Structure formats: structure tokens, C-alpha cells
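Report on the structure
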Amino acid sequence: MVKYWGQRLWRPPAPAAATTVHLASLLQSCGRAGDLRRGRLLHARLVLSGAAAASTFLANHLITMYSHCADLASALRLFAAMPRRNAVSWTTLVSGLSQNLMHADALAAFAAMRRAGVAPTRLIYETKFHNTLGPKHTLAASHCHSGPTLMVKYWGQRLWRPPAPAAATTVHLASLLQSCGRAGDLRRGRLLHARLVLSGAAAASTFLANHLITMYSHCADLASALRLFAAMPRRNAVSWTTLVSGLSQNLMHADALAAFAAMRRAGVAPTRFALSSAARAAAALGAPLRARSCTASASVGFDTELFVASNLADMYSKCGLLSEACRVFDQMPQKDAVAWTAMIDGYAKNGSLEAAVLSFRDMKREGLVGADQHVFCSVLSASGGLKDGWLSKSIHCCVTKAGFELEVAVRNALIDMYAKSMDVESASRVLKIDPGGWNVVSGTSMIDGYIETDCVEEALVIYVELRRQGVEPNEFTFSSMIKGCAMQALLEQGAQLHAQVIKTDLIRDSFVGSTLVDMYGKCGLISLSMQLFNEIEYRTDIAWNAVINVFAQHGHGREAIQAFDRMIYSGIRPNHIAFVSLLTACSHAGLVDEGLKYFYSMKEAHGIEPKEEHYSCIIDTYGRAGRLDEAYKFISEMPIKPNAYGWCSLLGACRMRGSKELGEVAAQNLMKLEPGNTGIHVSLSGIYASLGQWEDVKAVRKLMRDSRIKKLPGFSWVDSNKKTHVFGSEDWSHPQQKDIYEKLEELTTRIKEEGYIPDTSFLPCNLEDIAKERILRYHSERIAVAFALISMPATKPIIVKKNLRICIDCHTAFKFICKVERRDIIVRDNSRFHHFVNGRCSCGDYW
């Protein structure tokens, strides 16, 4: 019958359309299935039609249904409201009480039945009492055949009053409620609540009401707990504490803090348990303002108690208020493992990694043996962030001595620590401790380690093994793998991961979507990158940073500014990463005034102190625009010294503009920071060559030989037919070298016919123009493009990657090649992207 209702949107048939026997059958079905909701729906229909009050037969079946569904409160109310009762009515009630283990009430109901002059049925004697009460109570029941009954003193003179609390002490009732709460037995807890309500004890005793709130909280029925609290005529500090604790334990942290604030407004002094619960709620929310407001004055007098102080220290540390956490921690007369764990975890999560490790050392020195897996996970995370190999191994020894190496969480933390320290060999050894212990956390940590060491192939091997082990990747796994593909512009592998992300429905994750935006941008497909960004439902600062950075890499300065302004308008606060991308975009697009405006707005409008990388972006902006004097003046007025990138940007600009004096200044400062940087000598040589100072060029080359400094060779590579083909300058090693060089000769002839003139002015060598032209013709990026033209279908864009910056002459040649071949060419060098389409480059020749 339950299925029958399901076909009618859970609406029982109307009483007028169904016989009394049919309605009784429906009620029996609800009772047997324990379906209280549908039973109540049918009861409501019967009440509206008047059938419930008119038919004793149906009322008896309703009592049976409620008894089977353990809703004895409704059964008792219904029985008390019956205008006519027969022997079946009494038998149904006694049986229901007995079945629900309310044995004393069953006996009292049986006695009341005898007093009402109703002859007991054989069912009561043969089934209910013998099966549930035992011989002593069965004998008492049999004595009810004649004369006054002893059960009257269990129930009193009123017909339906359950045993008064006097029959069972308040402490005993509270103990029963505690048992129900600890066992999570909501059904029996509600039955006991019903008895207390009927007897009036729940309203009369604040003590019992507090225990009822605790029971409902332990059973996760917060709605009942809140209703009960609101109906209490008198509340004390225990009542408030019980409510705050219950809300906090059930992860209703905001409500717990609201209840704690209401407790203080009501003038009730917070107990240490209420304060600790509020502190845990504030810690879970990570809300510093609410943490301070809720505990500022309430903590006075408690912050020296170990239990409260540990929770306060944990709250302050998780809310990023380390100074307050240290104050509470230092004031503690004694410190246990919980307090130390709170501080170590707080330091680690707030970036104070050295302080976290030192706290762990101090904890060990105090001889505390209570260090558990939580302490080790926190200190291992801090050690990984420090990237100190010796320290990592020392903490690993402590873990092994404490016997936690086989704990899954600790083993995962060990793998993560070694991976962050770029010690993937040690991480792999920890993983092999338990060959069957592969999980998504350990696998993702290994993948992260390989990605950080630029070993993408090894990361792919770990990913395949993870899937072979039956472990489903999560959003962090996919993000790490997609990041690896972005680093090496592995478009095909990245697209396959994109397809798997769609299958697992993680495409909705903002973090995964942001990494996909970054990956397609770094593979040169900016249109697809923008499409994915527009599909992200909830755009975090990570997503906005990714799209701004994509625009920056492709030289789309105006679009980057628009994206930044949209981010501000949407309510997302920019961070220092967003400004690095924005200033880089302005630099690559020649937007000097706009770049300066946003640079000075960092501190004035957003409260962000500029760092070395922001100053370097401004130096680069001035340098690319040819405003070298302003760049040097900016350097002189900087509050901090320029880093290597800043001097390198200035040196590169001096090479482009042929500024010898300033270039030498930049080179001298850069040598102090990076003495092994071969690009310094190459740039100086280029400056001297552009000025025709060949003696200086020879001097630089001699210095390089004497110092055994070798120029970094240029390489270009292109992906074709699931393989990566790498080319060097004048490279004759490729199997298709004959076809490649024939294509190069053909391209050179065709683009010269279109107006191409080789630019040999920047070559740092004193050779004839014909020899210089030959060198330019066989640059690695030009060989890679020729190979792609003869091996890739015309429908696919040509994407070439280069480890150095593209040379000026190749940049000019590619504009002609894309025009004569009618092919889109994308070049990703070590600085930015160049899109060559229809004889033009996306950089606008500003790079």
C-alpha cells in the first residue's frame, strides 16, 4: 500500500472513497513499514472527514500504527480523546506500551483497564506480560483480576497520568537521557521526553530540560533542542552552555557564536565550557573579528585555565591572530600537548614556519610525550615549506621513534614534506613503506613533487599508477597535473586531462577551472582560455589572477586592465600576484602611464606594499618604452634595492637601444647578484656589436673563455604526431633534415619576394652579410616552423616553444611566413607569446 500511495504523490485515498476495512489496512501498512509521515497524513485525512472520532475501529488501528512507529505521545493523546473505548482499545494501548519497553506504563494502563471494568483479553496475559516483564510482574498483573490493584500507586488516580518523577528520581531520569544521547538513540529519547511532558516534569525541572537539550544535541536533532530551549520558563548558565556546546558540536558554528552573544546580552556569566565551545566555533569559521568580539571580556578569569586557554590559543591561531595566541599561550602556568599542538598548527598555517619548528623543538625539550599525529602533521607541513632537507630527515626520525610512520595521515604528510623539499627519492621511499597504501593524498603529493622539479613525465607515470591502483583523482590531483602540462605547454596531454575532469564533474570546481584557463593560455589558445573562464560559476581571486596573467603573457594590456577592473567591481580584493600580472601586461603593451597609475594605487587604494617584483615590472615598463633615463631614476629612488630581474630588464632594454654606459652599470650590478648568468656577457657583447665596437666584443668573449662561461644554447621544440621534436641552431640531426632545409630555402625565397629584408645588425660577430644571413636562416625557431609546415595538417595551428627570446629577424620573418603560407603561427619564448596572423603579430612589434 505504501507503493500505491507513491504513485499518487503520497496522498492517501479519501475516506469517502474507501471502506473502513480498506482504511484500516492502509494504517496497518504504515505501521508495519514504520512510515510515520504517511501515517500522519492518513490520520489528518481521517480527522478532517470525522472518521477518526466516529469510528472506534479506526481509532484502534491509529493507536496501533503510532505504537509501531514508536510515537507513543500521539498514541496516548489519541486514546485519551476517544469518546468510546472497548477491550480492543485497551489491549492495543497496553500492547503498544509494552512493545516500546515502557513496561511500568503498560502495567499502569492494565490496572486502569481493570478499574474501568473492562475484562482483560487473553492476548494481554499470554503475550505481552509473559514475553516482556518476567515472573514477578506477571504475578502482579494476574492479581488485577479482583479487588483493588497495587498498580494504582504507579499511575495515580487520574486515568492517563504516567508515573510521576517521584517514582523515578530526577537523577535517574537524567541518567537515562544521558544514555540515550551517548548511544544516539533518538527514538527512546523522544519516548522519555513524551513521558516527562505528560507528567509535567520537563517544564518544571530546568535540570531535566538541560539534559533533554544535551540529548537532542548528541542525537543531532537541533530543531527539537532549539524549540525546547525557547520554551523553557527558566534558563540558567548551564542551559546556555548546553545550547552553545550542542550547536558547536553539530558544526553550526555561526549559530553557536550567536547563542554565546545572546547569553552575554542576557546577563548570564559565561562558563568555561561555553567559552571553550564559542572559541572552537570561531576557530572553525576563521573569523578574527567575531573571535575578538565574542571572547574579549568573557575570557577574563579563564585564560589561565588549561582547558580554556588551549581552546583560546587554537582559536586565535586559526583566525590568524598569532600575537593574541602567543599572549594566551605565554600566560598559561602549565602547557599540555593540546596547547602546544594549537600553537604549532597556528604557526604552520599562518606562514611562520620557523616558529612552528622551534615550538616543536621546545615541546620535545619539555619532555612532553603526548605528541600525536596532529602535531607531527603540522610540523611536517612547516618543514616542507622551509625546504630544508636536513631538518626534514630529523623530523622523520622523530616520527619513526614515536611509531607514527605507518599512520596514513602522517605518512601522507611525510611524502608531502619531501615532495615540497624537492626530495622525490625520499618521498618515493616513504610511499613504498606500504605498497598497498596508495591514496589520493599521497599520490597527489608525489605528483606535486615531480611537477615542482620540472619532471612532468615522471608525474604522468605516478598519475597512471594512481588510476591503476583504483584511486580516483580529486581536484588537487587534476590541478597539479594540468599545471605540469601548462609549464611545458603540453597541449595534447592537457586536453586529455580536461576531458577526464569533465567526466568526473570536477569542471565546476573553481580551482580546477582556473588551472585550465592558465594551461590553455600557456599553450597559446587564448580564445579557449577565455571561454573556460566565462564558464566558471564562482570566480575566486585565483581565477581572476589566471585570466589577467593570460592576457599579460599574450601582450593584451587593455584586456588585462578591463579584467582587473571587473575583478574589483565583483568585490574580489586584489593581491600582490594580481598586480604582478597587471603590471607585466602594461609593460608588454607599452602602457606606461597606466602601469604607473596601478603601481601607485597598490598602497594608496588597496593597502598592499609593493615588493621587489612590482618594482622590477616598472623598470621593465620604462625600459621597453625606451625611457632609460626614467628607468634609472626610478631605480635610484626605490626604497629597496632592485633584484636580478630588475637589472636584467634594464640591461635588455639597453641592448635594444644601444645604450652602452647605462648597460655597463646594469651589467655590473647584475654580476654581483648572479655571477654565473651567461646572459650578461651576451647582452654586453650585443651592445658593443650594435655600436661597431668589435674590440670590446672580443674583450667580452675573452673574458667568457677565461672564466669558462659558455653561452646558453638556444633550442626550439614543437609537438607533432604525439612526439616532441627539439631543434638547435643549424641543427642537422633530424631524420627529415633534408625536407626541412628544402622548405627553409623555399620560404626564404618567397618571403623575400614579399619584401622581407634580413636584419643582421644585432648579431655580435664581424662577418659578411651573406654569412650573417645564413646564421639567421638556420635559427632554431625557424627550423621548427619549417618542420611544422611539412608535418602538421593545415587545420592545426603551429605552436613553437623556445627557451630564449625570439630574435628580431625571426620575428620579422614569421610575419611574412604566416602570410605566404596562410597559417597561424604561435611562438612562446621565455618572456611572452607571439601570435602571427595575416602578416601581423599580436605584440604590435612592441616586445
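Look up a bit, the structure's there.
Everything in this summary refers to the structure shown in the same document. Here the residue numbers are simple positions, counted from 1 along each chain's written sequence. Reporting of local features is limited, given that this is a predicted model, to residues whose pLDDT is at least 70; pairs of side-chain atoms are given and counted only at 80 or more, and all residues count toward the totals for whole chains, interfaces and linings. Each side-chain value is worked out from all heavy atoms of the structure, with water and hydrogens disregarded.

1. Let's talk about the pattern of salt bridges
- We define a salt bridge as a side-chain nitrogen of Lys or Arg found within 4 Å of a carboxyl oxygen belonging to Asp or Glu. Under the criterion given, the structure shown has 25 salt bridges.
- In this structure, Arg-190 and Asp-221 form a salt bridge, with 3.0 Å as the shortest nitrogen-oxygen distance. Taken as a pair, Arg-190 in helix α13 (residues 186-199) and Asp-221 in the loop between α15 (206-218) and α16 (222-231) lie far apart in primary sequence, 31 residues in all.
- Only protein chains enter the accessibility calculation, which uses a 1.4 Å probe. A residue is then buried if its area is under 20% of the maximum for its type, exposed if over 50%, and partly exposed in between. The exposure class assigned to Arg-190 is partly exposed, which follows from its relative accessible area of 44%.
- In this structure, Arg-508 engages Glu-537 in a salt bridge whose closest nitrogen and oxygen atoms are separated by 3.0 Å. A residue pair is termed long-range when its members are at least 10 positions apart, and Arg-508 in the loop between α32 (491-503) and α33 (510-522) and Glu-537 in the loop between α34 (526-535) and α35 (541-553) qualify at 29 residues.
- Note on Arg-508: relative accessible area 56%, which makes it exposed.
- Using a relative accessible area of 67% as the deciding quantity, one classes Glu-537 as exposed.
- Put simply, Lys-743, Glu-746, Arg-750 and Glu-821 are held in one network by salt bridges that share partners. A helix here means a DSSP run of H or I that spans at least four residues, while a strand means a run of E at least two residues long, and both kinds are numbered starting from the N terminus.

2. Considering a nonpolar patch on the surface
- By definition, no residue in a patch forms a salt bridge, and every one has over 30% relative accessible area; like charges are joined within 9 Å, nonpolar side chains (Val, Leu, Ile, Met, Phe, Trp, Tyr) within 5 Å. Surface accessibility in these figures is a Shrake-Rupley result with a 1.4 Å probe; residues are shielded only by whichever protein chains are displayed. Together, Phe-476, Phe-511 and Ile-542 make up a nonpolar patch on the protein surface, roughly 270 Å² of accessible area in all.
- Structurally, the position occupied by Phe-511 is in helix α33.
- Residue class for Phe-511 comes out partly exposed when judged on its relative accessible area of 33%.

3. Points about the pairing of strand β2 (residues 723-728)
- Of the pairings in the sheet, the one linking strand β1 (residues 715-720) to β2 comprises six bridges and is antiparallel in character. By the bridge assignment, Val-718 is partnered in β2 with His-725.
- Here, a strand pair is defined by DSSP locating no fewer than two bridges between the strands. Linking β1 back to β2 in an antiparallel pair, the connection comprises two residues, with Asn-721 at a positive phi of about 55 degrees.

4. Digging into the pairing of strand β4 (residues 825-828)
- Along β4, one buried face is formed by Ile-825 and Val-827 and the opposite face, lined by Ile-826 and Arg-828, is buried too.
- Read as a crossover between parallel neighbours, the route from strand β3 (residues 798-802) over helix α48 (residues 808-821) to β4 is right-handed.
- Bridging between β4 and strand β5 (residues 833-837) involves four bridges; their strand directions are antiparallel. Considered in β5, the bridge of Val-827 is made with His-834. For crossovers, right-handed means that the path from the first strand over the helix to the second runs clockwise, given strands pointing away from the viewer.

5. Some details on the packing of helix α12 (residues 170-183) against α15
- In contact at an axis separation of 8 Å, α12 and α15 are set at 10 degrees when each is read in the N-to-C sense. Considering their axes alone, α12 and α15 lie roughly parallel with respect to each other. Contact residues: α12 offers Thr-170, Leu-173, Ala-174, Leu-177, Gln-178, Cys-180, Gly-181 and Arg-182, while α15 offers Phe-207, Leu-208, His-211, Leu-212, Met-215 and His-218.
- Throughout this entry, Asp, Glu, Lys and Arg are counted as charged residues, while Ala, Val, Leu, Ile, Met, Phe, Trp, Tyr, Cys and Pro are counted as nonpolar. The remaining residues, Gly among them, count as polar. Class assignment for the residues of the contact of α12 with α15 results in eight nonpolar, five polar and one charged. Note on definitions: angles span 0 to 180 degrees between N-to-C directions of axes, and those axes are lines fitted to C-alpha atoms, for helices only across the stretch in contact. Roughly parallel here means an angle under 35 degrees, roughly antiparallel means over 145, roughly perpendicular means 65 to 115, and every remaining angle is called oblique. Contacts: residue pairs with any heavy atoms within 4.5 Å of one another.

6. Here's the deal with the side chain of Ser-445
- Along the chain, Ser-445 falls in helix α29 (residues 440-452).
- When residues no more than four places from it in sequence are discounted, the contact partners of Ser-445 are Asn-412, Ile-415, Asp-416 and Ala-419.

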